[in-house]
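One-letter residues, chain by chain:
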Amino acid sequence: MITLKLNNVDVKAEEGWTLLETAKFYGLEIPTLCYNEGLSVYGGCRLCLVEIGEEPNTKLVSSCTYPAEEGLVVRTGTRRVIETRKMMIELMLSLAPNSKTIQDLASKFGVTQVRFKIRNEECILCGLCVRMCREQMDGRAIGFQNRGHKRKISTPFDMRSEECRLCGGCIYICPACQLRCQGPQPDTDVCNACLTMDPTCLDVYDELQCWMYDAGRCGTCVREEPEIKEASQALGKKK
Amino acid sequence: MKKTEKIKSIEKLYKTIDHHIQKRKSEETPVLTVSAGTCGRARGSMRVIESLEKVIQKENLKDQVRIRVTGCHGFCEAEPNIILQPHNFFYQKVQPKDAKEIISETVLNDKIIERLLYTDPSTETKALNEDEIEFYKKQRRIVLGDNALIDPTEIGDYFSIGGYRSLAKALTEMKPEEIIETIQKSGLRGRGGAGFPTGNKWAFARKAKGDTKYVICNADEGDPGAYMDRSLLEGNPHRVLEGMIIGAYAIGTKEGYIYIRDEYPLALHHITLAIEQAKELGLLGESILGTDFSLDIHIAKGAGAFVCGEETALIASIEGRVGEPRQRPPFPAVKGLWKQPTNINNVETWANIPIILQKGADWFSQIGTNGSKGTKIFSLVGKINNTGLVEVPMGITLREIIFDIGGGIPGGKEFKAVQTGGPSGGCIPKEKLNLPIDYESLTAAGSIMGSGGMIVMDENTCMVDVAKYFLNFLRDESCGKCLSCREGTQRMWEIVKDITEGLGKEGDIELLVTLARAVKDASMCGLGQTAANPVLSTVRYFREEYEAHIKDKKCPAGVCKNLIQYLILEEKCTGCLACLKICSQEAITGELKKVHIINQEKCIKCGACFEACNFDAIIIE
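Reading the values: rules and limits
- Residues numbered from 1 in each chain as written.
- Chains lettered and ligands numbered in written order.
- Predicted model: local features only at pLDDT ≥ 70, side-chain atom pairs only at ≥ 80, totals over all residues.
- Heavy atoms only, no water.
- Domains from an automatic or database assignment.
- Buried area = accessible area lost by both parts, 1.4 Å probe.
- Salt bridge = Lys/Arg side-chain N within 4 Å of Asp/Glu carboxyl O.
- Polar contact = N/O pair within 3.5 Å; in protein donor to acceptor, adjacent residues only side chain to side chain.
- Nonpolar A, V, L, I, M, F, W, Y, C, P; charged D, E, K, R; others polar.
- Buried < 20%, exposed > 50% of the residue type's maximum accessible area, 1.4 Å probe, protein only.
- Helix = DSSP H or I, 4+ residues; strand = E, 2+ residues; numbered from the N terminus.
- Pairing = 2+ DSSP bridges.

### Describing the domain arrangement of chain A
It is common to give the size of an interface as the accessible area lost on bringing the parts into contact.
Residues and elements named next belong to chain A.
And then number 1: Taken as a whole, chain A is organised into domain 1 (2-77) and domain 2 (93-238).
And then number 2: Between domain 1 and domain 2 lies a buried interface of about 1,300 Å² when both sides are counted; carbon and sulfur atoms form 55% of it.
And then number 3: By the criterion of area lost to domain 2, the three top residues of domain 1 are Leu33, Leu39 and Tyr42, representing 44% of everything that side buries.
And then number 4: Where domain 1 meets domain 2, there are one salt bridge.
And then number 5: Salt-bridge contacts for Lys108 lead to Glu29; the nearest nitrogen and oxygen are separated by 2.9 Å.
And then number 6: Between the two partners, domain 1 and domain 2, sit six residue pairs in polar contact (both at pLDDT 80 or more).
And then number 7: Of the residues contributing to the side of domain 1 that touches domain 2, the split by class is eight nonpolar, five polar and two charged.

Structure (structure tokens):
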């Protein structure tokens, strides 16, 4: 067993667990996108960031790839984590504003603007389909091509692949192209329409998004995690 | 070629080394040392060698003079250069037509050819040999200096400067642990960029448990404007090899790889040749020098991806997978190549090892600063008089490198900034010129040591344009795995590009900085974590330049085409028609002896008129 400090609490983890698995085991919710329990870890979407180490030498790592280590200090909800994660969601939104999965993430984490030019590429290169094809379907029909900004997912030589059995596994697992969001607002490219469907305030209190605001806060959101409180205050100030 | 006999014991190796040292000492025929690294060859050194050979053959002087073709001597500005031993006369910028005179005058009659000597641009004095040249005076060339003494294709030449003695010493007098201790004590830190203590790295790899272990030499030097590692592999491959053999012995491995870019054909050729020669002599292979230590070294060729210089991506590439970094830990020292403990060091780090063993850890740790020991090779390029490779002790100031060794900025222009550490390094402004160079101080200044690129920029450089250039490089070279790095560099490039094109908006700088910080924080590997440096450092030191682009729509340095215009000053224009004739767009109108006018709508801002005007009548605004 490994002992580590998770959000100021000493917890135990099994040998070989990642930080994400440890956090999940203790009921902490960390958002993920390119992670799937049935597939190998990738660490590409950078949503599951956590802050590790002790001040002043802390750094952010993706919890899905980082192993639980003896004595490690891990914090999952610091301001640095929240702000960086919001930037990642904003970057994703600018690529695939029509994806419901990503719009939901934006609503949930209080991303209310996209400051980059919308590219409508639909694909955020999370690699779920590539791993699905290879690891679950034993297909190897698709893979990554090129690097940097030219990177894309395709079949070899962009031709119909003989390895492909048209099983649809890649479409099934895609977070961007399967569920479509119908209502991005033209001026902001952020939908936020389904805010009322999902009580986001359970995680982060945000005045602008609180649907009980006029009637007086319901109080369920007030979780006294100092870092979350601090972050939501910072959010409030910004607006 | 005659088959060389294997050296089967350490005594025999010592004897071979001594034999070669004696041979060099007793050599009386003058030697013409011609530098012919890639840069020398590009400036025609092979043609110089050819004509020298022709003259020697024609005059039948084979017994009276010898030519030694060496790697780079560092002074790129003076290429192709020739050093005549034993006098050590230094001739620069030699042309093939000079060959006859060099042989007849200098070699046969000991007469100096004045015009081929190096003239100091500031004092106008001529230098007879290297020691008199400012460029070399402040350098401490413990690694690079031997390049001028040896023919990299001859193992005998390396023996003759005491090469492979450190290996003999390591195998006979030292236990592996002692070697690691010596390296730890010397304070040598990784020369590839991050500056991790080499000895500690070795100790981890030695302690790690595995079926087998590997050592790797990282020669995937991909920074624009940097060529330290290339010159070492071209000019002194055996030293790198010796370092690797010692390292492999200390760590306890039987197999090693040299990961080298395929774009370095000469370096690749020389290191391949060196491995063959070492194998032939029994310095590599089964039971080296009769001991029970065996080592095999293979070459792995890289395909030119910048990211493959990152340890885990490099390993992935050797294994035949796509060069993509992975999460550390586990570190390569624990789980590296083929999941076995692996130690990766940079070319320059390996080249330092034989020197440390030879001269001792104490000697080595006297050079440099408290935290950074030894020397570092930088490639000094850009707007600088003495372009070249410089090897300096750590702790030397930027001012000394740029103005004393580098000879300042050409054309009397003013120094603006120096970019260190390659594309993911940062720009350091002139206020920080007195910064002593070591790993920590450069990081504190917002840059990195990196592998040693040093690009000097003068007043005519636009810092926003510089940031754009490096971001463009990085968005191409990011592996694309992490969203933060792939999209982050792309978006930063888009914003900076807009700024240079006059499309910048209020708030762009703040957005850039926020995004840059997120990229730095969120990315997995060193490339992403430093990818924001070009932006962060230029905003930090040259914010007013960004603001001028955004608010006033002006490029103060006169570089960004959308933000400048060429104008003719009425009072200076003599109406000579020079600009009018050269303009390809017919954008200039005017008559002889009357003031000309540039039609801004037609002007494509190529700058041809500016160059053509002899009266300084055209200005950039």
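### Focus: helix 10 (residues 228-235) of chain B
And then number 1: Most of helix 10 of chain B is tucked away, with eight of its eight residues classed as buried.
And then number 2: For helix 10 of chain B, the full list of buried residues reads Met228, Asp229, Arg230, Ser231, Leu232, Leu233, Glu234 and Gly235 of chain B.

### Notes on the pattern of salt bridges
And then number 1: Per the counting criterion, the structure on display carries 49 salt bridges over all chains.
And then number 2: A salt bridge links Glu121 of chain A to Arg119 of chain A; the shortest N-O distance between them is 2.7 Å.
And then number 3: Here Arg119 of chain A falls in the partly exposed class, since its relative accessible area comes to 24%.
And then number 4: Two residues, Glu263 of chain B and Arg261 of chain B, come together in a salt bridge whose shortest N-O distance is 3.4 Å.
And then number 5: For Glu263 of chain B, a relative accessible area of 40% gives the class partly exposed.
And then number 6: Within this structure, Glu51, Glu55, Arg75 and Arg80 of chain A together with Asp521 of chain B form a network of salt bridges that share partners.

### Some remarks on the pairing of strand 1 (residues 31-35) of chain B
All names here are of chain B.
And then number 1: A large share of strand 1 lies buried, amounting to five of its five residues.
And then number 2: Alternating positions in strand 1 separate into two faces, Val31, Thr33 and Ser35 on one and Leu32 and Val34 on the other, with burial throughout.
And then number 3: Two strands pair when backbone bridges link them, and strand 1 and strand 2 (residues 66-70) are joined in this way by five bridges, in the parallel orientation. In the strand pairing of strand 2, Val34 is matched with Val69.

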